[in-house]
Amino acid sequence: TADLFTTILLSFVPLFLSFPYRVNIFLSWEGAYRLYLGQVPYKDFGLPMGFTYWVVPAFFFTIFGPYLITLVKAQVLLNLVCCLSFRGILQKLRLADGIRISVILVFCLSYILMNFWPWYNNSVIIYEIVALNFLFGFFIRDNKRRYFYLVLSCFFFFISFFTKQD
């Protein structure tokens, strides 16, 4: 449970800090804002990223409004999902508790805390980690439910592909 506490704590840290403006963050905001307005990518507007990149920020715009801090809140959710998936992979590999906590701490400090603004390259990696977690779930199970994990893995690999590609 210490690894779970570390994961949750470090995922929420960006909500309490002040961050510098990221170059080209307007691309993240504009794509999410246009989805929030109900526009359709590549029909109503075009930007050089895949459409699934804006889905989570657009959803957060509907909840919290179209503000820059809303992008940080969306990234906090993505970081939390990424850390939990990474933790799931480490558990499936049956690493010892101390090693798992150390690896999660290094991962959070070196990767998660550095990515506080949403960006498509980062989102691709997050979706791939989620897909790998489900793929590991498929490999370690022997029952019929294992195919559900395979379907989820394929879904997140699909999302990761259409996050980066336009």
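All values reported here derive from a predicted model rather than from experimental measurement.

Bringing the environment of valine 72 into the picture now. Here valine 72 lies in helix H4 (residues 68-92). We classify valine 72 as buried; its relative accessible area is 2%. The contact partners of valine 72, leaving out residues within four places of it in the chain, are Pro14, Phe19, Phe116, Trp117 and Pro118.

Another aspect to go through is helix H7 (residues 146-164). Here H7 is 19 residues long and its end C-alpha atoms lie 28 Å apart, about the 27 Å a rise of 1.5 Å per residue gives. Turning to H7, its buried residues are Arg146, Tyr149, Leu152, Ser153, Phe156, Ile159, Ser160 and Thr163. Viewed end-on, H7 has its buried residues packed into an arc of 135°, placing them on one side of the element. Contacts from the buried residues of H7 go to helix H6 (120-140).

What follows is about a nonpolar patch on the surface. Residues Leu4, Ile8, Phe12, Leu15, Phe16 and Leu84 make up a contiguous nonpolar surface patch of about 510 Å² in total accessible area. Sorting elements by how many residues they give to the nonpolar patch places helix H1 (residues 2-12) first, with three residues. Residue position: phenylalanine 12 is located in helix H1. For phenylalanine 12, a relative accessible area of 33% translates into the label partly exposed.

To continue, consider the nonpolar core. Looking at soluble globular proteins, one finds that nonpolar side chains tend to be buried together. By size, the foremost hydrophobic cluster in this structure holds 27 residues, and its most contacted members are Phe107, Ile112 and Phe156. Sorting the residues of this core by element identifies helix H3 (55-64), H4, helix H5 (97-112), H6 and H7 as the ones contributing at least two each. Per-element tally for this core: the top contributor is H6, with eight residues. Apart from the residues lying within four places of it in its own chain, the contact partners of isoleucine 112 are Leu10, Asn79, Cys82, Cys83 and Phe107.

Parameters at a glance
- Residues numbered from 1 in each chain as written.
- Predicted model: local features only at pLDDT ≥ 70, side-chain atom pairs only at ≥ 80, totals over all residues.
- Heavy atoms only, no water.
- Helix = DSSP H or I, 4+ residues; strand = E, 2+ residues; numbered from the N terminus.
- Buried < 20%, exposed > 50% of the residue type's maximum accessible area, 1.4 Å probe, protein only.
- Contact = heavy atoms within 4.5 Å.
- Expected span 1.5 Å × (residues − 1).
- Arc of directions from axis to C-beta.
- Patch = residues over 30% accessible without salt bridge, like charges linked within 9 Å, V, L, I, M, F, W, Y side chains within 5 Å.
- Areas by Shrake-Rupley, 256 points an atom, 1.4 Å probe, with all protein chains shown as cover.
- Salt bridge = Lys/Arg side-chain N within 4 Å of Asp/Glu carboxyl O.
- Core = buried A, V, L, I, M, F, W, Y, C linked by side-chain atoms within 4.5 Å.

That's the geometry; what it means functionally is another story.
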